[in-house]
Amino acid sequence: MAGGGVGTSLLLMAGIMVAVGLCRRLTRRRLRTHQRLCTFLLEMFSTFQICACTNELCLLGNVEPKPHTALTLTYGFTVLHGLTLTGSTCNPCGTLQPMWGGGISVKMGGLKITAQFVAAVLARVFMHFIWSLEMAEPHFGALSQGCSSPMQTTETQAFCIELLFSVVFQLSVLRVEGVNPKYKVHLIALLITMLVYAGGNLTGAIFNPALAFSLHANCFYDKFSSYSLVYWIAPSLGTILVAFIWDEILPRIS
């Protein structure tokens, strides 16, 4: 793949991040008194950024040298997302955990999860429109790929992998809550990059139901039961397990 194509993709993702940043700032200024609408829009814009950029990053997975380039981009953009999207979870599982612990109400949690899935759909529609313009080499033929089949193992193994990764990720997020934010974002980015390296070739290592739907909507249409089990139920179950251990078991032990 030509360097110019990669450069165009990077500029596109940078443009998305700038646009989302402006939308978030405008939302905070104009809708500060409308708490629910402000919360919904902030979560939607943030999740849109992650889903749109990850859709584009997936097209760069075969850039040489493999897998170093893809992992470097994963780490770099995860850091940028962490620095620019403070206050947003962008992951239904990340919202489910405080709901279970009583940190936020069910109503507010439902609002955020709705915003995340709306953003996932909007990001997919937006990126498909951008790809149809074929502005860069990675976009050529992107729309004709259909289901990219991220599951390269059995359904049972894929379920266990996404469950395990969700547990590891959510536990790590809870563990580093007290860490200085400028170090925390790098720790989380490093963890995500390691999980992608470990399981990316088997399930995609997504552990985010909204992102999974945005990336692989065609697969959900074709095999809804299998993909909802692996990419929705498994990470959600992992999150509930972590919340139960963290709130109910660990306090009794300590």
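Structure: above.
This text gives an overview of the structure that appears in the document. Per-chain numbering applies: the sequence of each chain, read as written, is numbered from 1 onward. It should be noted that, the model being predicted, local features are given only for residues of pLDDT at least 70 and side-chain atom pairs only at 80 or more, the latter also being counted only at that level, while totals for whole chains, interfaces and linings use all residues. Working from all heavy atoms in the structure, the side-chain values ignore hydrogens and water.

Helix numbering and strand numbering both begin at the N terminus, where a helix is a DSSP run of H or I of at least 4 residues and a strand a DSSP run of E of at least 2. In terms of regular secondary structure, the chain is built from 10 helices and zero strands. The helix and strand sequence of the chain, counted from the amino end, reads α-α-α-α-α-α-α-α-α-α. A compact globule built from 254 residues should have a C-alpha radius of gyration of about 18 Å, and the chain, at 18 Å, falls within 12% of that. C-alpha atoms of the chain, sized along the principal axes, occupy 55 × 50 × 35 Å. The buried label applies to any residue whose accessible area, calculated with a 1.4 Å probe on protein chains only, is under 20% of its type's maximum; exposed applies above 50%, and partly exposed to all values in between. Looking at the chain residue by residue over its 254 residues, the buried ones come to 46%. Looking at the chain alone, contacts between residues at least 24 apart form 77% of all its contacts between residues at least 6 apart. Throughout, radius of gyration means the C-alpha value; the globule benchmark is 2.2 Å times the number of residues raised to the power 0.38. In what follows, residue pairs with any heavy atoms lying within 4.5 Å of each other are defined as contacts.

With that settled, consider the packing of helix 2 (residues 35-58) against helix 3 (residues 68-84). Axis angles are defined between N-to-C directions and span 0 to 180 degrees, where every axis is a line fitted to C-alpha atoms and, for a helix, only to the segment in contact. Where helix 2 meets helix 3, the closest approach of the two axes is 11 Å, and the angle between their N-to-C directions is 170°. By the criterion of interaxial angle, the relationship of helix 2 to helix 3 is roughly antiparallel. Residues Q49, I50, C53 and L57 of helix 2 form the contact with helix 3, whose own contacting residues are L73, F77, H81 and T84. As a working rule, the residues Ala, Val, Leu, Ile, Met, Phe, Trp, Tyr, Cys and Pro are called nonpolar, Asp, Glu, Lys and Arg charged, and the rest polar, with Gly in that last group. Across the contact of helix 2 with helix 3, the residue classes break down as five nonpolar, three polar and no charged. With respect to orientation, any angle under 35 degrees is reported as roughly parallel, any angle over 145 as roughly antiparallel, any angle of 65 to 115 as roughly perpendicular, and every other angle as oblique.

Turning our attention to a positive patch on the surface. Patch members must show over 30% relative accessible area and no salt bridge, and they are joined within 9 Å when carrying like charges or within 5 Å when they are nonpolar side chains of Val, Leu, Ile, Met, Phe, Trp or Tyr. The accessible surface values rely on the Shrake-Rupley method and a 1.4 Å probe; as for residues, cover is taken only from the protein chains in view. A side-chain nitrogen of Lys or Arg and a carboxyl oxygen of Asp or Glu constitute a salt bridge if their distance falls within 4 Å. His is not counted, nor are the chain ends; Lys and Arg add positive charge and Asp and Glu add negative charge. Each charge is placed at NZ for Lys, CZ for Arg, CG for Asp and CD for Glu. A surface patch of like charges, here positive, comprises R25, R29, R30 and R32. In this fold, R25 is placed in helix 1 (residues 3-30).

Turning to the packing of helix 4 (residues 92-101) against helix 10 (residues 224-253), a few remarks are in order. Contact pair helix 4 / helix 10: the axes reach a minimum separation of 9 Å and the direction vectors enclose 35°. Remark: the crossing between helix 4 and helix 10 carries right-handed chirality. Where helix 4 abuts helix 10, its residues C93, L96, Q97, W100 and G101 lie against P235, S236, T239, I240, A243, F244 and D247. For the contact of helix 4 with helix 10, the class distribution of residues is seven nonpolar, four polar and one charged. Should the near helix be turned counterclockwise from the far one by less than a right angle, the crossing is left-handed, whereas a clockwise turn marks it as right-handed.

A helix is expected to span 1.5 Å for every residue after the first. An ideal rise of 1.5 Å per residue puts 24 Å on 17 residues; helix 3 measures up with 24 Å between its terminal C-alpha atoms. Taken residue by residue, helix 3 has T69, L71, L73, T74, F77, T78, V79 and H81 as its buried positions.

Turning our eyes to something else, we now look at the side chain of S88. Tracing the sequence through the fold places S88 in the loop between helix 3 and helix 4. A polar contact is formed between the side chain of S88 and the side chain of R24, at a distance of 3.1 Å. Contact partners of S88, with chain neighbours within four places excluded, come to R24, L42, E43 and S46. In the analysis that follows, any N or O atom pair within 3.5 Å is treated as a polar contact, provided that within protein one partner can donate a hydrogen and the other can accept it, and provided that, for residues neighboring in sequence, both atoms belong to side chains.

Moving on, we come to the packing of aromatic side chains. Two aromatic rings, drawn from Phe, Tyr or Trp (for Trp, its six-membered ring), form a pair once their centres lie within 6.5 Å of each other, and the interplanar angle then sorts them: stacked below 30 degrees, edge-to-face above 60, tilted otherwise. The full count for this structure, using the stated rule, is 11 aromatic pairs. Here the aromatic rings of F117 and W232 are separated by 5.8 Å at their centres, their planes lie at 85°, and the arrangement is edge-to-face. Of this pair, F117 sits in helix 5 (residues 106-132) while W232 is found in helix 10, placing the two residues 115 residues apart along the sequence. Where F224 meets W232, the ring centres are 5.6 Å apart and the plane angle is 80°; that geometry is what we call edge-to-face. Connected via pairs of aromatic rings, a cluster forms that spans F117, F213, F220, Y221, F224, Y227, Y231 and W232.

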